[in-house]
Amino acid sequence: MPPFLAVVGRTHLLLLHFPIAVRFAALVLELALRRVTADKKTAVMTGLLFIGAVGALVAMATGFLYAWAEDFHGHERVLLGQHRIGGVVVTILAIVAFAAHRRADLRYAYLGALVAACGAVVFTGHRGGELVHGEGYLTEPLHPSDKDDDGPRAASDGEEPVKDEDRPRYPEGVVPEHPTYAKDIKPLLDRSCVKCHGPEKRKSGLRLDKKRFAMKGGETGLAIVPGDIEKSLLTKYIQLPIDDDDVMPSKGKLLANSEIETLKKWVADGAEWPDDDP
């Protein structure tokens, strides 16, 4: 894909919220303005429905470009397919609602299409959120038992709660003179990073399970800049103070200081990483 179109596709993440807000605003106003004169209400609703329909079309178009330009694999493709179908349905319903609103004999069809569009938005947005944050993200707080086993230990009766600044680190080890990806780096990434930055969940748009994704970086910049520790966000975030909200990993045990030094040395040496399998 031409780079320009790839950039346009990524605006999907910026544009999609506007037509959603307009659509729900239209439904709320439809119910709230029932006593307003018909002419004024019609003018307001027509404008909102038109903006919502056009916004849905733009969001859908940029969404298709985004899916085309980015790499989705495994279960992500299932979520992407559901999100894409939901987006098409929302767009069709938004257009139907706008068209039906302009005809008095289609009054009930208009309101039904508007309600259905808002319902479809909830499903579509939920699947889009799971693409970014992982499946079950929305209901995760309802299932505390599903938290990582190596996460911060809950306090027993009579004990002081364990604070974030008391999070344990993995045991210290030896820092290799010349770390290699297969022996020293991959096991570390698989253990502490891939759960949140892998094929099933890629927070901040970052994946660290494959070279082609890792070197591309995420929404906040380049995670790995071979030969440059200062510009590599990976090495920056893993060595932040324990009480910093951005320290990585965000949950569970922190990396041992020896592991941090190993990663830094690997990046400084050029971040050797064999190419991905075809």
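## A word on the overall build of the chain
Moving on, step 1. Looking only at helices and strands, the chain features 10 helices and 0 strands.
Moving on, step 2. Starting at the N terminus and ending at the C terminus, the chain contains elements arranged as α-α-α-α-α-α-α-α-α-α.
Moving on, step 3. Sorting the 278 residues of the chain into buried and exposed places 37% on the buried side.
Moving on, step 4. For the chain, the exposed area adds up to about 16,100 Å²; of that, 61% sits on carbon and sulfur atoms.

## Thoughts on the side chain of Ser-258
Moving on, step 1. Note on placement: Ser-258 falls in helix H10 (residues 257-268).
Moving on, step 2. Under the relative-accessibility criterion, Ser-258 is labelled buried at 8%.

## Regarding the packing of aromatic side chains
Moving on, step 1. Applying the stated criterion across every chain yields a total of 4 aromatic pairs.
Moving on, step 2. Consider the rings of Phe-50 and Phe-98, whose centres lie 5.7 Å apart with planes at 55°: the pair is tilted. With Phe-50 in helix H4 (residues 38-69) and Phe-98 in helix H5 (residues 75-101), the pair connects residues that are 48 residues apart, well separated along the chain.
Moving on, step 3. Note on Phe-50: relative accessible area 46%, which makes it partly exposed.
Moving on, step 4. Residue Phe-98 is classed as buried on the basis of its relative accessible area of 18%.
Moving on, step 5. An angle of 25° between the planes, with centres 4.4 Å apart, marks the rings of Tyr-181 and Trp-273 as stacked. With Tyr-181 in helix H7 (residues 181-192) and Trp-273 in the segment after H10, this residue pair connects regions lying 92 residues apart in the sequence. Of the two residues, Tyr-181 and Trp-273, both sit in the buried class.

## Regarding the side chain of His-101
Moving on, step 1. Inspection of the secondary structure assignment puts His-101 in helix H5.
Moving on, step 2. The contact partners of His-101, leaving out residues within four places of it in the chain, are Thr-42, Met-45, Thr-46, Leu-49 and Tyr-110.

## Looking at unusual backbone geometry
Moving on, step 1. A cis amide bond links Met-248 with the next residue in sequence, Pro-249, at an omega value of -5°.
Moving on, step 2. By the element assignment, Pro-249 lies in the loop between helix H9 (233-238) and H10.
Moving on, step 3. If you check the backbone angles, Ser-204 has positive phi at about 60° while not being a glycine.
Moving on, step 4. Assignment of secondary structure puts Ser-204 in the loop between H7 and helix H8 (211-214).
Moving on, step 5. Positive phi is not limited to glycine here, since Ala-271 has a value of about 50°.
Moving on, step 6. With respect to the secondary-structure elements, Ala-271 resides in the segment after H10.

## Details of the environment of Tyr-181
Moving on, step 1. Relative accessible area serves as the criterion here: at 8%, Tyr-181 is assigned to the buried category.
Moving on, step 2. On a C-alpha basis, the gap between Tyr-181 and Ala-271 in space is 7.8 Å, while along the polypeptide they are 90 residues apart.

## Considering H7
Moving on, step 1. Those residues of H7 that sit buried are Tyr-181, Asp-184, Ile-185, Leu-188, Leu-189 and Ser-192. Summarising the axial view, the buried residues of H7 lie within an arc of 120°, below the 170-degree limit, and thus occupy one face. Exposed and facing more than 90 degrees away from the buried side of H7 are Ala-182 and Lys-183.
Moving on, step 2. Measuring from the backbone nitrogen of Lys-183 back to the side-chain oxygen at the start of H7 gives 3.5 Å, which picks out Thr-180 as the cap.

## Examining a nonpolar patch on the surface
Moving on, step 1. Among the surface-exposed residues, Leu-14, Leu-15, Phe-18, Phe-50, Ile-51, Val-54 and Val-58 lie close enough to one another that they form a single nonpolar patch of about 640 Å² accessible area.
Moving on, step 2. Mapped by element, the contributors of at least two residues to the nonpolar patch are helix H2 (12-15) and H4.
Moving on, step 3. No other element matches H4, which puts 4 residues into the nonpolar patch.
Moving on, step 4. The topology assignment puts Val-54 in helix H4.
Moving on, step 5. Given the relative accessible area of 36%, Val-54 is considered partly exposed.

About the thresholds
- Residues numbered from 1 in each chain as written.
- Predicted model: local features only at pLDDT ≥ 70, side-chain atom pairs only at ≥ 80, totals over all residues.
- Heavy atoms only, no water.
- Helix = DSSP H or I, 4+ residues; strand = E, 2+ residues; numbered from the N terminus.
- Buried < 20%, exposed > 50% of the residue type's maximum accessible area, 1.4 Å probe, protein only.
- Areas by Shrake-Rupley, 256 points an atom, 1.4 Å probe, with all protein chains shown as cover.
- Phe/Tyr/Trp six-rings, centres within 6.5 Å; stacked < 30°, edge-to-face > 60°.
- Contact = heavy atoms within 4.5 Å.
- Arc of directions from axis to C-beta.
- Polar contact = N/O pair within 3.5 Å; in protein donor to acceptor, adjacent residues only side chain to side chain.
- Patch = residues over 30% accessible without salt bridge, like charges linked within 9 Å, V, L, I, M, F, W, Y side chains within 5 Å.
- Salt bridge = Lys/Arg side-chain N within 4 Å of Asp/Glu carboxyl O.

The quantities given are spatial measurements derived from coordinates; they are silent on function.
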